[in-house]
Amino acid sequence: MSSGNTRGNIKIGLNVGIVLKQDQATGKITRGVVKRILTNSSSHPHGIKVQLEDGRVGRVKEIYTTGVR
């Protein structure tokens, strides 16, 4: 499984698991498809921040597929 901490591993259309801001304390994972990559730096220790197609925003913790739709 690729690291969600590296921007190069995240692509538009990728199926990922993110942690929403309100779920940081519990670490609850929310699945979705990447619509936009919001982090500009090449890496981030807590995960690259993305917006999902449904509008939710969080940091990538898991990458489920490597193929882009």
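Residues numbered from 1 in each chain as written. Predicted model: local features only at pLDDT ≥ 70, side-chain atom pairs only at ≥ 80, totals over all residues. Heavy atoms only, no water.

**Examining the nonpolar core**
Ile10, Leu14, Val16, Ile18, Leu20, Val34, Ile37, Ile48, Val50, Leu52, Val60 and Ile63 together form the largest nonpolar core, which totals 12 residues. It is strand 1 (residues 15-20) that contributes the most residues to this core, three residues altogether. Ignoring any residue separated from it by four or fewer positions in sequence, one finds Leu20 in contact with Thr30, Arg56, Val57 and Gly58. (Core = buried A, V, L, I, M, F, W, Y, C linked by side-chain atoms within 4.5 Å. Buried < 20%, exposed > 50% of the residue type's maximum accessible area, 1.4 Å probe, protein only. Helix = DSSP H or I, 4+ residues; strand = E, 2+ residues; numbered from the N terminus. Contact = heavy atoms within 4.5 Å.)

**Structural notes on the pairing of strand 2 (residues 30-37)**
Note that strand 1 and strand 2 share four bridges and pair antiparallel. Within the sheet, the bridge partner assigned to Val16 lies in strand 2 and is Gly32. Strand direction decides the pairing type here: strand 2 and strand 3 (residues 49-52), joined by three bridges, are antiparallel. Among the inter-strand pairings, Arg36 is bridged to a residue of strand 3, identified as Gln51. (Pairing = 2+ DSSP bridges.)

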